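These are the residues of each chain, in order.
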Amino acid sequence: MKTINDFNFRDKKALVRVDFNVPQDDQLNVTDNTRIVAVKPTVEKILKDGGSVILMTHLGRPKGEVKDEFSLKHIVGEVSSVLGQEVKFVDECIGEKAEKAAAELKPGEILLLENVRFHNEEEKGDEAFAEQLSKLGDAYVNDAFGTAHRAHASTAVIAKFFPSTKFFGLLMDKELQAIDKVLKSGERPVTAILGGSKVSTKITIIENILPAIDNLIIGGGMAFTFIKALGGKIGNSLVEEDKLPLALEILGKAKEHKVKVYLPSDAIIAESFSNDVERKEADIYAIPEGWMGLDAGHKSRDQFNDVLLNSRTILWNGPIGVFEMSHFAGGTVALGDSIAEATRLGAFSLVGGGDSVAFVKQFGYADKVSYVSTGGGAMLESLEGLELPGVAAINN
């Protein structure tokens, strides 16, 4: 893998694709700067070499139209604050104005281009648009793992205009190494935890990771499809009726690969999908009619804890209960505690996927695991075994 560590950027303008698609409040202030902080090492390396940095990114879904709410002028202050120096801004990303701003950039300076998605050509992967962007820099760096699964002009197509000066940024390198650790080079035993609501969204991930793992913990709403397929009574719990045969097929494949599958043995149940209702604990195979499982029970938590404390590599994708409701967050909190303890004891733990990442940030586990992925869709596609366009463009 060619990373920026393989190149000296002295007197070079580095065109760096980042993912600054950050959440904002009603006044368009950045409410979570994690993605900006994540690219700081890449920017600092280029500037330390004596180069300059031209940042390009998208924000939101303007769908090819110039819309003030999606302008990057609103985040320049936050980017400057995080990177520790004034960041210049130009309200175009191609054309005369952008080219002039790039040409005037001196070593040690940073320029932020306007939203690339103000142009329809970006999402279409238009070659002419990519070529116009390429005129702004001497080297291309992709440090936007969150968009690496998109074959867009600025994430994949542009790389062809930099045949010998295209590189992965340090964030991309860390993301790809973390996934490689789970799928190929991780110390065993390897345990994957898959949660969330639907089996259907995780089928290809399960099939792809089975040869690489030793244990598979299945939790959350998707567990009930497996429990029902095995003959359990699940009351009104979430279930994908049409996926019952598939659930049995997955269990069969796991057996073939000698992967131990751990399903919850008990559940915290309620009569409706609400935080303030009566709750009780029940055997997950014997949930009464009219009741639904909304969290993993205490026996399940203890069992998962035993598995995790005996693991050396851990992948976590998806909560095992409705953690957004305080009375049904206990199972996921217990899981977070187990993963944090395993990590403290020397295991490598990777957390990825929207809900898991939201959980670790909200509940303070981000610093207690080895790595929190910045790319939801990109990470999931990597785990499915797909080559990401943004990665292929640098490697090929």
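Residues numbered from 1 in each chain as written. Predicted model: local features only at pLDDT ≥ 70, side-chain atom pairs only at ≥ 80, totals over all residues. Heavy atoms only, no water.

Participant: Got a minute to help me understand the overall build of the chain in this structure?
Facilitator: Assigned secondary structure in the chain consists of 15 helices and 17 strands. Computed over its C-alpha atoms, the radius of gyration of the chain comes to 23 Å, within 12% of the 21 Å expected for a compact globule of 396 residues. Along the first, second and third principal axes, the C-alpha set of the chain runs to 70 × 45 × 40 Å. Evaluated residue by residue, the chain yields a buried proportion of 57% over its 396 residues. Accessible surface, the chain as shown: approximately 16,700 Å² in total, 47% of it carbon and sulfur. Averaging the positions of the 44 positive and the 57 negative side-chain charges in the chain gives two centres separated by 4 Å. (Helix = DSSP H or I, 4+ residues; strand = E, 2+ residues; numbered from the N terminus. Rg over C-alpha atoms; globule rule 2.2 N^0.38 Å. Buried < 20%, exposed > 50% of the residue type's maximum accessible area, 1.4 Å probe, protein only. Areas by Shrake-Rupley, 256 points an atom, 1.4 Å probe, with all protein chains shown as cover. Lys, Arg positive; Asp, Glu negative; His and termini not counted. Charge placed at Lys NZ, Arg CZ, Asp CG, Glu CD.)

Participant: Teacher, can you tell me more about helix α3 (residues 76-83) here?
Facilitator: Buried residues of α3: V76, V79, S80, V82 and L83, and no others. Projected down its long axis, α3 carries its buried residues within an arc of 165°, all on one side. Next to the buried residues of α3 lie α1 (34-38), α2 (40-49), β2 (52-56), β3 (87-90) and β4 (110-113). A positive backbone phi angle near 75° is found at G84, which sits one or two residues after α3. (Arc of directions from axis to C-beta. Contact = heavy atoms within 4.5 Å.)

Participant: Looking at this structure, how should I read the sheet that holds β2?
Facilitator: Paired through backbone hydrogen bonds, the strands of a sheet run either parallel or antiparallel to each other. The sheet built from 6 strands is open, its strands ordered β3-β4-β2-β1-β5-β6 with parallel pairing. Of all the strands in the sheet, just β3 and β6 (166-168) have a single pairing partner and so form its edges. With direction set aside, neighbouring strand axes in the sheet form an average angle of 25°. As paired elements, strand β1 (residues 13-17) and β2 share 5 bridges and run parallel to each other. Each bridged residue has a counterpart across the sheet, and for V16 the counterpart in β2 is L55. Across the face of the sheet, α2 comes into contact with β1, β2, β4 and β5 (139-142) while running at roughly 150° to β2. (Pairing = 2+ DSSP bridges. Axes fitted to C-alpha atoms, helices over the stretch in contact; angles between N-to-C directions.)

Participant: Explanation requested: the sheet that holds strand β12 (residues 279-283) in the structure shown.
Facilitator: Strand order in the open sheet formed by 3 strands is β12-β11-β14, with antiparallel pairing between adjacent strands. Looking at strand neighbours, the two that pair on one side only are β12 and β14 (292-296), the edges of this open sheet. Ignoring strand direction, the axes of neighbouring strands in this sheet form an average angle of 45°.

Participant: Can you walk me through the pattern of salt bridges in this structure?
Facilitator: Two side chains bearing opposite charge may form a pair once their charged atoms approach each other closely. For the structure shown, the criterion picks out 18 salt bridges. Its salt-bridge partner being R188, residue D214 comes within 3.1 Å of it at the nearest N-O pair. Taken together, the positions of D214 in the loop between α8 (203-209) and β8 (215-218) and R188 in the loop between α7 (170-185) and β7 (190-194) put the pair 26 residues apart, joining distant regions of the chain. A residue is classified by how much of its surface remains accessible, and D214, at 22% relative accessible area, is partly exposed. D295 serves as the salt-bridge partner of R301, at 3.3 Å between the closest nitrogen and oxygen. Of the residues examined, R301 reaches a relative accessible area of 15% and is grouped as buried. (Salt bridge = Lys/Arg side-chain N within 4 Å of Asp/Glu carboxyl O.)

So yeah, pure geometry; function would need other evidence.
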